[in-house]
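Here is how the chains run, residue by residue.
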Amino acid sequence: MVGVKANLFDDVNDVLIDQERLQERIRELAQQIEEDYSDVENPLLLCVLKGAFIFLADLTRLLEMPHEVDFMAISSYGAGTTSSGAVRIVLDLKEDIAGRHILIIEDIIDSGRTLDYMRRNLLARSPASLRICTLLNKPSRRAVDVPVDYIGFDIPDEFVVGYGLDFDQIYRNFPFIAVLKPQVFAGEPEDE
Ligand code: PRP
């Protein structure tokens with residue numbers, strides 16, 4: 001191997017939510033979902049790619065009720081640390097969801113635009129019910145009001161990565177949620 005690999009862990013300041021707290025809270029969410037869906041036949045957990053893939057993977061393994069999983073990918077135009085506003089579907093469901101009980105699984109709600117768009121789009125397909133479960137929620141950033149049924153953690157307005165969340169497609173593999181050093185997303189060198 002030629003060259004020196006950067007260490008991703010050097011790019012974060014604080015661990016905001018460690019592995020233990022994440023797993024404990026996801027267990028609580030799973031228990032709540034089991035209770036709420038006890039009379040519901042075969043709900044569909046709908047994972048919003050890419051960010052929610054790790055949350056979905058942990059949550060589905062904790063559920064003992066019969067359920068299905070499927071995936072959609074939603075993209076907001078523009079890049080960087082904030083979403084621009086315009087949203088579009090880049091990967092859609094193949095199956096009809098009319099009459100199905102849908103639980104959207106999201107990693108984070110920021111402005112609310114992604115889920116507002118997705119919710120309207122899915123409601124137009126006549127599901128029997130539609131609920132939203134997000135691991136993280138940034139209430140201070142909300143621009144569009146979205147009804148959220150399950151929230152893992154309310155967090156402050158920090159740029160967080162890990163457990164599925166990225167900056168520039170990197171850091172999704174961290175097993176915890178951490179705050180990215182501002183100089184990383186500002187593109188500044190760390191040392192003088
Ligand atoms: C993130 C996150 C949500 C959305 C939340 O997705 O996964 O889907 O932004 O922001 P909003 O509430 O302001 O709409 P991103 O576009 O970064 O794509 P990714 O899931 O592939 O990382």
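Before going into details, it helps to say that this report is about the structure given with it.

**Digging into the environment of Ile151**
Logical step 1: The residue Ile151 is located in strand 7 (residues 150-154) in this model.
Logical step 2: By relative accessible area, Ile151 is classed as partly exposed at 27%.
Logical step 3: Along the backbone, Ile151 and Val69 are 82 residues apart, and their C-alpha atoms lie at a distance of 19 Å.
Logical step 4: In this structure, Ile151 is in contact with Arg25, Leu29, Thr134, Leu135 and Asn137, ignoring residues within four places of it in sequence.

**Considerations on helix 2 (residues 53-62)**
Logical step 1: Those residues of helix 2 that sit buried are Phe55, Leu56, Asp58 and Leu59.
Logical step 2: The inward-facing, buried residues of helix 2 contact helix 1 (19-36), strand 2 (44-49), strand 3 (68-76), strand 5 (101-109) and strand 6 (129-137).

**Describing the site of the ligand**
Logical step 1: Taken together, 16 residues surround the ligand, and among them Glu106, Asp107, Ser111, Gly112 and Thr114 come closest.
Logical step 2: At a separation of 2.7 Å, an oxygen atom of the ligand approaches a polar backbone atom of Gly112.
Logical step 3: Measuring from an oxygen atom of the ligand, one finds a side-chain N or O atom of Thr114 at 2.5 Å.
Logical step 4: When the ligand sits alone it has 500 Å² of accessible area, and the protein chains cover 83% of it.
Logical step 5: For the shell around the ligand, the secondary structure elements donating two or more residues are strand 5 and helix 3 (113-123).
Logical step 6: Ranked by residues supplied to the shell around the ligand, first place goes to strand 5 with 4 residues.
Logical step 7: Of the residues assigned to the shell around the ligand, the class counts are 3 nonpolar, 6 polar and 7 charged.

**Notes on the packing of helix 1 against helix 2**
Logical step 1: One can describe the packing of helix 1 onto helix 2 by two numbers: an axis separation of 9 Å at closest approach and a directional angle of 55 degrees. Here helix 2 runs oblique to helix 1, going by the angle between their axes. Helix 2 is crossed by helix 1, and the crossing has right-handed handedness. Where helix 1 approaches helix 2, its residues Gln23, Ile26, Arg27, Leu29, Ala30, Ile33 and Glu34 are matched on the opposing element by Phe55, Asp58, Leu59 and Leu62.
Logical step 2: Across the contact of helix 1 with helix 2, the residue classes break down as 7 nonpolar, 1 polar and 3 charged.

Cut-offs used in this document
Residue positions are given per chain, counted from 1 along the sequence in the order it is written. Restriction of local features to residues with pLDDT of at least 70 applies here, the model being predicted, together with a cutoff of 80 or more for giving and counting side-chain atom pairs; totals for whole chains, interfaces and linings are based on all residues. In computing side-chain properties, one takes all heavy atoms of the structure into account and sets aside hydrogens as well as water. Only runs of H or I of at least four residues qualify as helices and only runs of E of at least two qualify as strands under DSSP, and these elements are numbered from the N terminus. For the exposure calls, accessible area comes from a 1.4 Å probe over protein chains only, and a residue counts as buried if that area is under 20% of its type's maximum, exposed if over 50%, partly exposed in between. In what follows, a contact means two residues having at least one pair of non-hydrogen atoms within 4.5 Å. One heavy atom suffices: a residue is near a molecule or strand as soon as one of its heavy atoms comes within 4 Å of it. For the purposes of these results, a polar contact is taken to be a pair of N or O atoms within 3.5 Å, where, inside protein, one atom must be able to donate a hydrogen and its partner to accept one; residues adjacent in sequence count only when each atom of the pair is a side-chain atom. Surface accessibility in these figures is a Shrake-Rupley result with a 1.4 Å probe; residues are shielded only by whichever protein chains are displayed. As a working rule, the residues Ala, Val, Leu, Ile, Met, Phe, Trp, Tyr, Cys and Pro are called nonpolar, Asp, Glu, Lys and Arg charged, and the rest polar, with Gly in that last group. Geometry is summarised by axes, namely lines fitted to C-alpha atoms with helices restricted to the contacting stretch, and by angles between N-to-C directions that run from 0 to 180 degrees. If an angle is under 35 degrees, it is roughly parallel; if it is over 145, roughly antiparallel; if it lies from 65 to 115, roughly perpendicular; otherwise it is oblique. For any pair of crossing helices, the crossing counts as left-handed if the nearer helix is rotated counterclockwise from the farther one by less than a right angle, and right-handed if it is rotated clockwise.

Any link to function would need more than the numbers given here.
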